[in-house]
Amino acid sequence: MKVIKFGGSSVATPARIKEVIAIVEPYLKGEVAIVFSAFGGVTDTLIQISKLALEGNLEYKEKLAELESRHLEAVNELIIIQRQSGILAQVKFMVNELEDLLHGIYLVKERTPRTLDFIMSFGERLSAYIIAEAFKDARHDVSFLDARKVIRTDNHFGYAKVDFDKTNKLIQDHFKHHEEVQIITGFVATSESGETTTLGRSGSDYTAAIFAGALHASDLEIWTDVNGMMTADPRKVKKAFTVPEMSYEEAMELSHFGAKVIFPATMQPAMVNHIPIWIKNTFNPAFKGTVIHAKSANGKMIKGISTMSEVSLLSLQGSGLLGVVGASARLFATLAREQVNVILISQASSEHSICFAVENLHARRAKLAIEKEFQYEIKSEEIDEVQVESDLSIVAVVGDGMKHSPGTSGRMFSALGKNGVNVMAIAQGSSERNISAVIPGHDVAKALNALHEAFFLSDRKVLSVFLVGTGLIGKALLTMVKDQFAKLAKENLLEVTVVAVANSRKMLFREEGLSLDSCLEQLQKEGEAMSMQSFYDSMVMLNLSNSIFVDCTSSPDVTGFYESILSANISIVTPNKKANSGSMESYSRLKDIAFRRGVKFLYETNVGAGLPVINTMNDLLLSGDNVLSIEAVLSGTLNFIFSTFTEGKKFSEVVREAKVKGYTEPDPRDDLNGMDVARKILILSREAGLSMELDDIKVENLVPESCRKDMPVEEFFKCLAQHDDEFETLRQEAAAKGEKLRYMAVLDRGQVKIGLSSVGQTHPFYSLSGSDNIILLTTARYHERPMVIRGPGAGADVTAAGVFADIIRIGHYAK
């Protein structure tokens, strides 16, 4: 014997009912009983109609007429015309009975739980009756069974308790005398006094389990609209997948904490009789689904992650709890009297405090009751007033494999911590099957994704990138991410998803990720007006795990948001030097926030584009080395200018050539004034451990005094040409000594100076050419022979590559 149940979504329309009949046909060759819910949404409609009648709102009649029309149309579509009249008459008879009941509520303005149960029963009674007649039309030997005939309960209306002794006997007796397939109403039952009762939420599943238990069925199949029990809520976790099998206990834990595919009450009759429960999808009938049975052995430590929302955490604390026998008993007895269900309990070993979670709607009642119970202790200040924190959620990881497996809780809390999810309370049962944590409600989606990655995709990480700046560097970065996506996913198990892009005018967000082939075109066509505040708000609101903000601008307006971004537990990667070359106080504060929030603030490309300067220096310092001095050529623009400035060339012409080739800023004075070099050496000095401000650095400005006035660029070039002889004299003096001019930054003995110097043939800077940068690090270990780092110090591609490397570095940290 198999017992099969189909939910409301499975029978929402006549077309779906026909699909259900097709699914069931192979089962009809054996012994089977089939339970049906009301048509999708009907139970909620019945409750709404009765509420309108209770409020004296005549709109209930319109809603009732729509409900009647829906069921009559189902008869017209499912039943052959020759048989319709009698069936339509029976449907109208039941609707008329419902109408009389609603009219009574409208008149007396009263709707008792007893009456509401009777009203709700019409949904299953109508659907199962119509579907039974549709089976007969398909020439199947079936009969309609109103479960009220065989299921006996107490009179706790709304959530009646089943009398299994009487119910099992009635079911068994009925099936002895009815060999045809039974089409059964779910959800409804009858009290000992003959009144209609209901079995609570997911009551139709419970009905199917009751029949399965009574008939000692070989299997119980619950057909719904999902592919089985999922590793997490697929609406919040896009990478959730079906769990092939799990134990009754695992399913029970998951269902308690919000996994709504199956409810605990459904499992009790099946569990007692060791009946496997299959969760299958009406809309994907070929999929195997999930089987829930006595033992589950598919090798997974964790079977699922579940959440419960709209929770409040209440805390009772004070010295009056220390060593006092019976305090906990008083607390929970008080809650029991108030009929407040406690979801989770956590108490420190110090006994100084105890906290527990309840549903939001019970929080105030619980607080008042506890404070009344402990009024004398509160008055004498032995116990504090009850603290309530609302709008929280509980996230639970569940699995039999956790038992005696070290590291599970470590992995859980590490994943939450790295994503900035604050844990407010923790509970774990002695069975070691469930670890639960209370977290802020707004962090649920982030927490679920972080935990899902940690336990189910432990080798794979998804990084959510928010990019501001789509100029040369930003475009090059997007191209690299696109080109390397497949390789990173396959070889490094890292998925870099670009969630948002923005330029100075527009911004575009897609939570599921943007297409890197067309995101810039989409930005122009579909983007919203850009403001950094709006971008920040949208990024924080998405609250995605492993979020990385990438700033490929040179804007101080963007860096002004760095503190807020890091405080929101979002890592930052940037080639923008403005933040780190600002005040020492701001620099230190950014580093401190990143450290305290457990996120990364990476800026390798602040100095030397893609050259590994900052990371190398940090590694040396972490290993105990000390930086003694730094000599560097840090401007690719100025190095090109002085490498190209040879005999026969005028200095102004060389600067113009650099501008034409795109090496300089739009106004070359921004390069020649040395401030870009000053910012870079300032950052390196700070990384070396010095507390230094930009004003502390002596900078030689290569722009002649007369050319520093506000003037158009062309006028500047004319002005610069008037000083060609001065620069030529400097070149000739260097050449006479067999040396070359280099614009250098030097840190030595805590002092930094920047200026034009000449270097001889034995100096590492002598052979420098093009737009290369070079850095000489003299440290306690690299003293006799300084470490040399040399390579392209400018260019969109090399800078983008450095930014991309920092993003990947965060991906490895997130693991």
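First things first, this report covers the structure right here in the doc.

1. A look at the sheet that holds strand 21 (residues 528-529)
Okay, step 1: Read from one edge to the other, the open sheet built from 7 strands follows the order 21-20-19-18-22-23-24, with strand pairing classed as mixed. The open sheet has two edge strands, strand 21 and strand 24 (601-602), and neither has a second partner.
Okay, step 2: In this structure, strand 18 (residues 461-468) lies alongside strand 22 (residues 547-551), joined through 5 bridges in parallel fashion. Across the sheet, the residue bridging to L467 is V550, located in strand 22.
Okay, step 3: Seen against the sheet, helix 16 (residues 519-526) touches strand 19 (494-502), strand 20 (506-509) and strand 21 and runs at an angle of roughly 115° to strand 20.

2. Quick notes on the nonpolar core
Okay, step 1: Of all hydrophobic cores here, the largest spans 81 residues; its most connected members are F535, F549 and I630.
Okay, step 2: Sorting elements by how many residues they give to this core places helix 25 (residues 675-687) first, with 6 residues.
Okay, step 3: Contact partners of I630, with chain neighbours within four places excluded, come to M617, I681, L684, A745, V746, L747, I775, L776 and L777.
Okay, step 4: Ranked by size, the runner-up nonpolar core spans 50 residues in total, among them A53, L64, V181 and I183.

3. Notes on the state of the cysteines
Okay, step 1: This model, assessed by the stated rule, comprises 1 disulfide.
Okay, step 2: The thiol of C519 is not disulfide-bonded; the next cysteine sulfur, from C552, is found 12 Å away.

4. A short note on helix 13 (residues 408-418)
Okay, step 1: Taken together, the buried positions of helix 13 are occupied by T408, M412, A415 and L416. Here the buried residues of helix 13 occupy an arc of 95° about the axis, which is enough to place them on one side.
Okay, step 2: Summarising the contacts, the buried residues of helix 13 are in contact with strand 15 (387-398), strand 17 (434-440) and helix 14 (444-456).

5. Focus: the packing of helix 6 (residues 164-176) against helix 7 (residues 203-214)
Okay, step 1: Helix 7 packs onto helix 6 with a crossing angle of 75° between their chain directions and a minimal axis gap of 9 Å. When the axes of helix 6 and helix 7 are compared, the pair comes out roughly perpendicular. For the pair formed by helix 6 and helix 7, the contact residues are F164, T167, N168, I171, Q172 and F175 on the first element and Y206, I210, F211 and A214 on the second.
Okay, step 2: Across the contact of helix 6 with helix 7, the residue classes tally to 7 nonpolar, 3 polar and no charged.

6. Considerations on the sheet that holds strand 15
Either a parallel or an antiparallel arrangement is found when strands of a sheet pair, and the pairing is made through backbone hydrogen bonds.
Okay, step 1: One open sheet holds the 6 strands; their spatial order is 13-14-12-15-17-16, and the pairing between them is antiparallel. In the strand order of this sheet, the two ends are held by strand 13 (344-347) and strand 16 (425-428), each with one partner. Neighbour-to-neighbour, the strand axes of this sheet turn through a mean angle of 30°, independent of strand direction.
Okay, step 2: As paired elements, strand 12 (residues 304-317) and strand 15 share 9 bridges and run antiparallel to each other.

7. A few points about the environment of V752
Okay, step 1: Relative to the helices and strands, V752 resides in strand 28 (residues 751-759).
Okay, step 2: Look at V752 and you get buried, because its relative accessible area is 3%.
Okay, step 3: In sequence terms V752 and S685 are 67 residues apart; their C-alpha atoms lie 8.4 Å from each other.
Okay, step 4: Not counting residues up to four positions away in its chain, the partners in contact with V752 are I681, S685, M692, D696, I697, K698, V746 and L747.

8. Here we look at the packing of aromatic side chains
Okay, step 1: Evaluated as defined, the whole model comprises 21 aromatic pairs.
Okay, step 2: Look at F332 and F356: their rings are 6.0 Å apart centre to centre, the planes differ by 65°, and that puts the pair in the edge-to-face class. With F332 in helix 10 (residues 327-337) and F356 in strand 14 (residues 353-359), the pair connects residues that are 24 residues apart, well separated along the chain.
Okay, step 3: With 5.5 Å between their ring centres and 50° between their planes, F716 and F717 make a pair best called tilted. For the pair F716 and F717, a shared accessibility class is recorded, and that class is buried.
Okay, step 4: Each residue in the set F466, F509, F535, F549, Y562, F601 and Y603 is aromatic and connected to the rest through ring pairs, giving one cluster.
Okay, step 5: For the cation-ring pair, R125 lies above F122, with the distance from its terminal atom to the ring centre recorded as 4.2 Å.
Okay, step 6: For the cation-ring pair, R656 lies above F717, with the distance from its terminal atom to the ring centre recorded as 4.2 Å.

9. Quick look at the pattern of salt bridges
Okay, step 1: For the structure shown, the criterion picks out 39 salt bridges.
Okay, step 2: The closest approach of N and O atoms between R330 and E377, which form a salt bridge, is 2.8 Å. Of this pair, R330 sits in helix 10 while E377 sits in helix 12 (residues 375-379), and the two are 47 residues apart along the sequence.
Okay, step 3: Residue R330 is classed as partly exposed on the basis of its relative accessible area, which comes to 29%.
Okay, step 4: Classification of E377 by relative accessible area gives buried; the value is 16%.
Okay, step 5: The residue K577 makes a salt bridge to D676 at a minimum N-O spacing of 3.2 Å. On the criterion of sequence distance, the pair formed by K577 in the loop between strand 23 (571-573) and helix 20 (584-597) and D676 in helix 25 is long-range, its members being 99 residues apart.
Okay, step 6: It is possible to trace a salt-bridge network through shared partners that takes in R83, E133, K136 and D137.

10. A look at unusual backbone geometry
Okay, step 1: Positive phi is not limited to glycine here, since H216 has a value of about 50°.
Okay, step 2: When you line up the elements, H216 lands in the loop between helix 7 and strand 8 (219-224).
Okay, step 3: Of the residues examined, H216 reaches a relative accessible area of 56% and is grouped as exposed.

11. Some remarks on the pairing of strand 11 (residues 290-293)
Okay, step 1: As judged from the 3 bridges shared by strand 9 (residues 245-247) and strand 11, these two strands associate in the parallel manner. Counted as the bridge partner of S247 is H293 from strand 11.

The rules behind the values
- Residues numbered from 1 in each chain as written.
- Predicted model: local features only at pLDDT ≥ 70, side-chain atom pairs only at ≥ 80, totals over all residues.
- Heavy atoms only, no water.
- Pairing = 2+ DSSP bridges.
- Helix = DSSP H or I, 4+ residues; strand = E, 2+ residues; numbered from the N terminus.
- Contact = heavy atoms within 4.5 Å.
- Axes fitted to C-alpha atoms, helices over the stretch in contact; angles between N-to-C directions.
- Core = buried A, V, L, I, M, F, W, Y, C linked by side-chain atoms within 4.5 Å.
- Buried < 20%, exposed > 50% of the residue type's maximum accessible area, 1.4 Å probe, protein only.
- Disulfide = S-S within 2.5 Å.
- Arc of directions from axis to C-beta.
- Parallel < 35°, antiparallel > 145°, perpendicular 65-115°, else oblique.
- Nonpolar A, V, L, I, M, F, W, Y, C, P; charged D, E, K, R; others polar.
- Phe/Tyr/Trp six-rings, centres within 6.5 Å; stacked < 30°, edge-to-face > 60°.
- Lys NZ or Arg CZ within 6 Å of the ring centre and 35° of its normal.
- Salt bridge = Lys/Arg side-chain N within 4 Å of Asp/Glu carboxyl O.

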